[in-house]
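Observations on chain architecture
Single-letter residue listing:
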Amino acid sequence: MGLGGYMGPDLTNVISSPDKGENYAKAFLLSGTERMPKFPMSNTEIEALIDYLEHIGKTVTYPLSNVKTTWYGTFETTGDE
Ligand code: HEM
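Residues numbered from 1 in each chain as written. Predicted model: local features only at pLDDT ≥ 70, side-chain atom pairs only at ≥ 80, totals over all residues. Heavy atoms only, no water.

Considering the overall build of the chain
Put simply, the rule reads: Helix numbers and strand numbers start at the N terminus; a helix is a DSSP run of H or I with at least 4 residues, a strand a run of E with at least 2. Residue exposure (1.4 Å probe, protein chains only): buried if accessible area is under 20% of the type maximum, exposed if over 50%, otherwise partly exposed. Every residue pair with non-hydrogen atoms within 4.5 Å of one another is taken to be in contact. Residue-level accessible areas treat just the shown protein chains as cover; the underlying method is Shrake-Rupley with a 1.4 Å probe.
Within the chain one finds two helices and two strands. By residue count, 21% of the 81 residues in the chain fall in the buried class. Considering only contacts in the chain between residues 6 or more positions apart, those separated by 24 or more positions represent 35%. When the accessible surface of the chain is totalled, it reaches about 6300 Å², and 56% of it is carbon and sulfur.

So, in structure tokens, the structure goes:
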């Protein structure tokens, strides 16, 4: 739906983003951050997850033009289409 996650950022466009992409996503998964746990997966698992994220990015519209997300994970509709 393009409304992001409650615990972390929306990942819809993370692979197609010019300043992010595959290696960027892999780095987050393998290393984690202060606020995101690391996921020590095999290369095969990581590739599958990246393929999935890439696929999702091609099938949905994000951001939704009439929806505004709040920093605490809920959303408001703005009325514009
Ligand atoms: C398979 C599951 C996950 C994947 C593929 C994933 C992937 C990512 C990616 C690619 C980013 C960078 C996003 C960007 O810069 O646009 C990110 C950031 C982040 N993720 Fe995850 N993540 C996962 C699970 C989680 C979980 C379980 C949590 C929380 C418990 C979490 C919390 C965060 C947070 C808070 C950030 C922002 C970076 C920071 O503040 O340190 N993620 N994640």
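A closer look at the coordination of the iron atom of the ligand
For a metal with four tetrahedral donors the ideal donor-metal-donor angle is 109.5 degrees, whereas six octahedral donors ideally subtend 90 or 180 degrees. Put simply, the rule is: Keep in mind that water is not among the atoms, so a site may look incomplete; donors are the N, O and S atoms within 2.8 Å of the metal, or 3.2 Å for Na, K and Ca.
No other protein atom reaches the iron atom of the ligand as a donor apart from M36 (SD), found 2.2 Å away. Positionally, M36 belongs in the loop between α1 (22-31) and α2 (43-59).

Looking at the site of the ligand
Operational definition: Here a residue counts as near a molecule or strand whenever at least one of its heavy atoms sits within 4 Å of it. Whenever a nitrogen or oxygen atom comes within 3.5 Å of another N or O atom, the pair is scored as a polar contact, on the condition that within protein one atom can donate a hydrogen and the other can accept it, and that pairs from neighbouring residues in sequence are kept only if both atoms are in side chains. Note on residue classes: Ala, Val, Leu, Ile, Met, Phe, Trp, Tyr, Cys and Pro are nonpolar, Asp, Glu, Lys and Arg are charged, and everything else, Gly too, is polar.
Contacts to the ligand come from 16 residues, most closely from K20, Y24, T33, R35 and M36. Here K20 contributes a side-chain N or O atom positioned 2.8 Å from an oxygen atom of the ligand. For the ligand, an oxygen atom lies 2.6 Å from a polar atom in the side chain of R35. Looking at which element gives the most residues to the shell around the ligand, the answer is α1, with four residues. Split by residue class, the shell around the ligand holds twelve nonpolar, two polar and two charged.

A short note on α1
Selection criterion: Each direction from the helix axis to a C-beta atom contributes to the arc, which is the arc of those directions.
A25, K26 and L29 are the residues of α1 that are buried. Take α1 and look down its axis: the buried residues cluster within an arc of 100°, on one side only. Seen from the open side of α1, the exposed residues pointing more than 90 degrees away from its buried face are N23 and S31. Against α2 lie the buried residues of α1. One or two positions beyond α1, positive phi appears at G32, with a value near 65°.

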